[in-house]
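Remarks on the overall topology
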Amino acid sequence: MENNKVEVIVIGAGPAGVSSAITLAKAGKEVLLVERGDNAGDKNMFGGCIYAKQTADIFPRFWENAPVERNITTQKIIMMTDSKSLEIDYNDPSKASYKAFTVTRAKWDNWAAMQAKEAGAYYAPKTFVKELIIENGKVVGIRTELEDFYADIVIIADGVNSVFAKQLGLRKEIKDEDVTLNVKEVIKLSKDIIENRFNLDENEGCGCKFIGGPIKDMLALGFMFTNKDTVTIGFGIGLDELKKHNLKPYELLEEIKEHSAIAKYIKGGESIEYSAHLIPEGGFNSMPKIYDNRVMLVGDAAMMVNNIHMEGTNLAMLSGKLAAETAIFALEKGDFSASTLSLYYKKIKESIIYKDLKTHANTIPFMKKHIKTITSLYPELACEFFDMFTNADGIAKRSKYRKFVSTLLKSGVIIKSLPFALFALEKCIKK
Ligand SMILES: Cc1cc2nc3c(=O)[nH]c(=O)nc-3n(C[C@H](O)[C@H](O)[C@H](O)COP(=O)(O)OP(=O)(O)OC[C@H]3O[C@@H](n4cnc5c(N)ncnc54)[C@H](O)[C@@H]3O)c2cc1C
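Just so you know, these numbers come straight off a predicted model, no measurement behind them.

1. Some words on the overall build of the protein
Secondary structure summary: the protein contains 15 helices and 17 strands in total. Over its C-alpha trace the protein gives a radius of gyration of 23 Å, about what one expects of a compact globule, namely 22 Å for 431 residues. Dimensions of the protein, computed from the C-alpha atoms along their principal axes, are close to 85 × 45 × 40 Å. The 431 residues of the protein split such that 53% are buried. Of the accessible surface of the protein, which amounts to about 20000 Å², a share of 54% is contributed by carbon and sulfur atoms. Each charge sign in the protein was given a centre, from 58 positive and 56 negative side chains, and these centres are 6 Å apart.

Listed below in structure tokens is the structure:
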């Protein structure tokens, strides 16, 4: 690197930034990847699982040598009432599918950053970027705590709070309704116990989502993931909901852990980590302008999270790759103007990022409106059905059926479900 000048600087070595850096390095471009953590991943946390398709596009056959924890073969959904629960398992034990893997961010992000370095990127951990250097209204580099670096293009991959998108005026302060606070606990258990409790073979993993119970009547979603010898458990809740109900997230997490549906999976485990992080869940309507002269925003910095399907890392990696491809085009053209970099927006528009975020543009407000039906009524009725159907309590079946049907009618579930059918239909037919 001569005179601290490279072709592209990438700020942040999360999934989005590393994906940009590796794509650029593989194309022979001079790229500097800067990360504030001592190692990439030190400052990061998630649920969570990475999705194989977009990950393999950056790291082909990564599962053979990357630090993955478990291949998710079971997807579990738990609906809870105050005391009961209904659990649904979807199993796909065919290893060939390789759909998703649990990872821990400390190990994964560090491994991924090393791949970028091996591909030829300059990698600078322990480097905190203080601000973008702007000359004559144009971004020309970054100011770190120690020195300045210059580049033709800066890719901003600094995550949900994106200080640099704000410095450029591309993003305003994030609104409470556009962000969820996620709290997570890591519980250590033996490998055998995890495999027994979640009914898994060696290396198989489970991803679980839960609703209701202690987080009923709120726009909140719980999650549990199995790693090799830990289980992560947590939930995300809209900041607006949190303030409205004046809730303490860690107290709520304790209540969740005590619910019989969850306690059986984690009992006897040792809590080894607590953390909290924001997710930008405003979706389509909260996406900022993602390019300007000499800059592009990728991943969480660009609010690219599919909140309904819990997809973030895959969209981050894809956007990082598309921004890098745009940078390669611009470098070859020798033109880093907003007009040339608008190709990035075009690529995003054609990708699943734009399409999926657009599909769910109005889903969160819709769910908020019907949250009691989703998180209270459905779990209550589902549990009541199983109670009625499976209980050999000496009461004649016909009277039990009648009682259940009368409960259904009184609950108004049929009328209350109609909006869901129409909403789902609209998602399928609307362009
Ligand atoms: C609890 C939780 C559960 C989740 N579960 C899932 C899941 O199961 N699957 C999924 O796909 N997604 C999940 N997500 C979302 C996913 O984690 C994010 O969408 C993804 O990490 C975004 O990647 P990114 O690279 O854009 O940002 P980040 O991962 O946030 O990376 C940003 C990087 O920039 C660095 N940085 C920031 N500021 C500076 C600075 N000034 N100087 C230098 N470096 C800086 C940070 O240290 C960090 O390494 C979850 C998120 C949370 C919080």
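2. A closer look at unusual backbone geometry
Non-glycine residue Asp217 carries a positive phi angle of around 60°. Mapping Asp217 onto the fold places it in the loop between strand 12 (204-212) and strand 13 (220-226). Residue classification places Asp217 among the partly exposed positions, given a relative accessible area of 25%. One non-glycine residue, Asn246, lies in positive phi territory at about 50°. Tracing the backbone shows Asn246 in the loop between helix 6 (239-244) and helix 7 (249-258). Taking the relative accessible area as the measure of exposure, Asn246 reaches 66% and is therefore exposed.

3. Notes on the packing of aromatic side chains
Enumeration over the complete set of coordinates arrives at 19 aromatic pairs. The interplanar angle of 85° and the centroid separation of 5.4 Å between the aromatic rings of Phe366 and Phe420 together place this pair among those described as edge-to-face. Here the residue Phe366 occupies a position in helix 12 (residues 363-369), and Phe420 occupies one in helix 15 (residues 413-429), the gap between them amounting to 54 residues. Three or more aromatic residues joined by ring pairs make a cluster, and in this case those are Phe59, Phe62, Trp63, Phe101, Trp108 and Trp111.

4. Details of helix 7
For helix 7, the complete set of buried residues consists of Pro249, Leu252, Leu253, Ile256 and Lys257. The arc that holds the buried residues of helix 7, viewed along the axis, is 140°, so those residues lie on one side. Pointing more than 90 degrees away from the buried face of helix 7 are the exposed residues Glu251 and Glu258.

5. Considerations on the domain arrangement of the protein
For the protein, the domain assignment lists domain 1 (5-68 + 103-171 + 288-359), domain 2 (177-280) and domain 3 (363-429). Inter-centroid distance (C-alpha atoms) of domain 1 to domain 2 is 28 Å. At the interface, 14 residues of domain 1 touch 17 residues of domain 2. Note on domain 1 versus domain 2: buried area summed over both sides is about 1300 Å², and carbon and sulfur give 71% of it. For the pair domain 1 and domain 2, the interface holds 0 salt bridges. At the junction of domain 1 with domain 2, the criterion picks out 3 residue pairs in polar contact (both at pLDDT 80 or more). Residue composition of the side of domain 1 that touches domain 2, grouped by class: 9 nonpolar, 4 polar and 1 charged.

6. A short note on the environment of Leu343
By the element assignment, Leu343 lies in helix 10 (residues 338-350). Separated by 18 residues in sequence, Leu343 and Glu325 have C-alpha atoms that sit 9.4 Å apart. With near-sequence residues (within four places) excluded, Leu343 lies in contact with Thr326 and Phe329.

7. Details of the pairing of strand 11 (residues 179-188)
When you tally the buried positions in strand 11, you get 9 out of 10 residues, the bulk of the element. Here strand 11 runs beside strand 15 (residues 270-280); their pairing, made up of 10 bridges, is antiparallel. Within strand 15, the position partnered with Glu185 by the bridge is Tyr274. The sheet contact formed by strand 11 and strand 14 (residues 230-238) spans 9 bridges and is antiparallel.

The rules behind the values
- Residues numbered from 1 in each chain as written.
- Predicted model: local features only at pLDDT ≥ 70, side-chain atom pairs only at ≥ 80, totals over all residues.
- Heavy atoms only, no water.
- Helix = DSSP H or I, 4+ residues; strand = E, 2+ residues; numbered from the N terminus.
- Rg over C-alpha atoms; globule rule 2.2 N^0.38 Å.
- Buried < 20%, exposed > 50% of the residue type's maximum accessible area, 1.4 Å probe, protein only.
- Areas by Shrake-Rupley, 256 points an atom, 1.4 Å probe, with all protein chains shown as cover.
- Lys, Arg positive; Asp, Glu negative; His and termini not counted.
- Charge placed at Lys NZ, Arg CZ, Asp CG, Glu CD.
- Phe/Tyr/Trp six-rings, centres within 6.5 Å; stacked < 30°, edge-to-face > 60°.
- Arc of directions from axis to C-beta.
- Domains from an automatic or database assignment.
- Contact = heavy atoms within 4.5 Å.
- Buried area = accessible area lost by both parts, 1.4 Å probe.
- Salt bridge = Lys/Arg side-chain N within 4 Å of Asp/Glu carboxyl O.
- Polar contact = N/O pair within 3.5 Å; in protein donor to acceptor, adjacent residues only side chain to side chain.
- Nonpolar A, V, L, I, M, F, W, Y, C, P; charged D, E, K, R; others polar.
- Pairing = 2+ DSSP bridges.

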